[in-house]
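Notes for the structure review
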Amino acid sequence: MVDLQGQYKKLKTEIDAEIQQVLDTSSYIKGPVVDAFAKDLENYLDVKHVIPCGNGTDALQVAMMALGLKPGDEVITTTFTFIATAEVIALLGLTPVLVDVLEDTMNIDPEAIRNAITTKTKAIVPVHLFGQCANMEEIMAIADEHDLFVIEDNAQAIGANYRFKNGSVKKAGTIGHIGCTSFFPSKNLGAFGDGGAIFTNDDIIAEQMRAVANHGMKVRYYHDYVGVNSRLDSIQAAILKVKLPHLDDFAKARNRAANYYNAAFASCDKITTPITASFTDHVFHQYTLVLNNVDRGGLQMHLNDKGIANAVYYPVPLHQQKAYRDSRYQDGAFPVAEKLAANVISLPMHTELTEEQLKYISDAVLGFVEN
Ligand SMILES: *Cc1c(COP(=O)(O)O)cnc(C)c1O
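All right, on to the packing of aromatic side chains then. Summed over the entire model, instances satisfying the criterion amount to 13 aromatic pairs. Note on Phe-80 and Phe-130: the rings are 6.5 Å apart at their centroids and 90° apart in plane angle, and the pair reads as edge-to-face. Of this pair, Phe-80 sits in the loop between strand S2 (74-78) and helix H4 (84-91) while Phe-130 sits in the loop between strand S4 (121-125) and helix H6 (136-146); the two residues are 50 residues apart in sequence, bridging distant segments of the chain. Pair check on accessibility: Phe-80 and Phe-130 agree, each one buried.

Here's what the structure looks like:
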């Protein structure tokens, strides 16, 4: 699905030098390069605070802990996402309130959010799925109206621009009260291990989050809150600092690959190619097709036989996951997500795809689907 070797080879000289620098100084934890990377990312995102942390799941957890959400508080999120989004809600004893997605963009449905709000609702967690933003203008309006926090799960859309109706533009993850991202190796900005970060423009929330991520302390060995230990290590920060200036080019390369696939599948009525909403860029963390009356398992076997990677993100919506079964949600509760889960398939998507590979992959897909 990804070609981490190919991308590394292109940046090897720079990356190796930065890693060597960390080894030479032995400043493995909270080294200067961690701050330097955070500053670079603040500038790139045009956001006041970037707080590096251990991974994207931690980012979501630290955000929710810092907001002081209490057991029983309801947090609304999408049922069609990676489990981490709802996992931290459940872990903190908060109540995940799941809602359906829109069929075209596969992102959370603002109308469904509106309908799910109760007096216990405290926060909304939109996920910018596969690399395009959820409808943040609507979501922020709903949040304002009901005095709710918005935490963007931006693990898949770092670098995407969001365009407001008044013409202003903001980066994904900097629109809500807090944005969370992951530097998992296969993400658009990937480290060589785990990593994550939290963004905010709010000084008070930033201070709380820094404290929570650091054992709940603001002054060393004085613990004002129950916190966690969540850090980005210096070697990962050094790698990310080299990669960040290339992030926009990475997105362009991903878009070129997506455009190739889109054109190849354009006249096939059994395949719906990704639909991008007008207010957002798509940075194609995943290139995900929706199949229409195609034997997906058969297609996967056909691709596997030809040595073509493929994956289903995600085969089971959260409300149908064993660990998250809940009497509030029966099968059929979220028909759009359930239909997508049964019909999506993601193709290889990364910065190093060649035209030859793209042709081989799309020919193979069409060879199965059109027979
Ligand atoms: C990857 C991902 C996460 C979690 O990130 P980790 O760094 O793996 O903990 C959370 N949410 C979404 C939508 C993701 O894709």
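Once you've had a look at it, read on.
Moving on to the packing of helix H3 (residues 56-66) against helix H7 (residues 203-213). Helix packing for two helices is described by the angle between their axes and how far apart those axes are. One way to put it is that H3 packs onto H7 with a least axis distance of 9 Å and a crossing angle of 120°. With respect to each other, H3 and H7 are oriented oblique. The two elements H3 and H7 meet at a crossing, and its hand is right-handed. For the pair formed by H3 and H7, the contact residues are Val-62, Ala-63, Met-65 and Ala-66 on the first element and Gln-208, Met-209, Val-212 and Ala-213 on the second. Of the residues in the contact of H3 with H7, the class split is seven nonpolar, one polar and no charged.

What follows deals with the nonpolar core. In terms of nonpolar packing, the biggest core is built from 47 residues, with Phe-80, Met-106, Ile-113, Ile-124 and Ile-139 touching the most fellow members. Secondary-structure elements contributing two or more residues to this core are strand S3 (95-99), helix H5 (110-116), H6 and helix H11 (335-343). With five residues, H6 is the single largest residue contributor to this core. Split by domain, this core shows at least three residues from each of two domains, domain 1 (4-245) and domain 2 (246-369). What Phe-80 contacts, discounting residues up to four positions off in sequence, is Val-101, Met-106, Leu-129, Phe-130, Tyr-313, Tyr-314, Ala-337, Leu-340, Ala-341 and Val-344.

Turning our eyes to something else, we now look at the pairing of strand S1 (residues 49-53). When you tally the buried positions in S1, you get five out of five residues, the bulk of the element. When S1 meets strand S9 (residues 196-200), the two strands line up antiparallel, connected through five bridges. Pairing of His-49 across the sheet is with Thr-200, part of S9.

All right, on to H3 then. The buried count for H3 comes to nine of 11 residues, which makes it a mostly enclosed element. Within H3, the full set of buried residues consists of Gly-56, Asp-58, Ala-59, Leu-60, Gln-61, Val-62, Ala-63, Met-64 and Ala-66. Its side-chain oxygen 3.0 Å from the backbone nitrogen of Thr-57, Asn-55 forms the N-cap of H3. Remark: Gly-68 follows H3 within two positions and exhibits a positive phi of approximately 70°.

Whether parallel or antiparallel, the strands of a sheet pair through hydrogen bonds between backbone atoms. Spatially, seven strands are ordered S1-S9-S8-S5-S4-S2-S3 in an open sheet, and the strand pairing comes out mixed. Looking at strand neighbours, the two that pair on one side only are S1 and S3, the edges of this open sheet. The mean inter-strand angle of the sheet, taken between neighbouring strand axes irrespective of direction, is 25°. Against the sheet, H7 touches S1, strand S8 (178-182) and S9, its axis set at about 15° to S1.

Right, let's talk about the pattern of salt bridges for a bit. Evaluation of the coordinates by the stated rule reveals 14 salt bridges. We note a salt bridge from Glu-103 to Lys-339, for which the minimum N-O separation is 2.8 Å. With Glu-103 in the loop between S3 and H5 and Lys-339 in helix H11, the pair connects residues that are 236 residues apart, well separated along the chain. By relative accessible area, which is 47% here, Lys-339 ends up partly exposed. Here Lys-218 ties to Glu-207 by a salt bridge, and the two come within 3.2 Å at their closest N and O atoms. Linking Lys-218 in strand S10 (residues 217-219) with Glu-207 in helix H7, this pair joins segments that are 11 residues apart in sequence. With relative accessibility at 43%, the residue Glu-207 sits in the partly exposed group.

Calculation rules
Residues numbered from 1 in each chain as written. Predicted model: local features only at pLDDT ≥ 70, side-chain atom pairs only at ≥ 80, totals over all residues. Heavy atoms only, no water. Phe/Tyr/Trp six-rings, centres within 6.5 Å; stacked < 30°, edge-to-face > 60°. Helix = DSSP H or I, 4+ residues; strand = E, 2+ residues; numbered from the N terminus. Buried < 20%, exposed > 50% of the residue type's maximum accessible area, 1.4 Å probe, protein only. Axes fitted to C-alpha atoms, helices over the stretch in contact; angles between N-to-C directions. Parallel < 35°, antiparallel > 145°, perpendicular 65-115°, else oblique. Left-handed = near helix turned anticlockwise from the far one by under 90°. Contact = heavy atoms within 4.5 Å. Nonpolar A, V, L, I, M, F, W, Y, C, P; charged D, E, K, R; others polar. Core = buried A, V, L, I, M, F, W, Y, C linked by side-chain atoms within 4.5 Å. Domains from an automatic or database assignment. Pairing = 2+ DSSP bridges. Polar contact = N/O pair within 3.5 Å; in protein donor to acceptor, adjacent residues only side chain to side chain. Salt bridge = Lys/Arg side-chain N within 4 Å of Asp/Glu carboxyl O.

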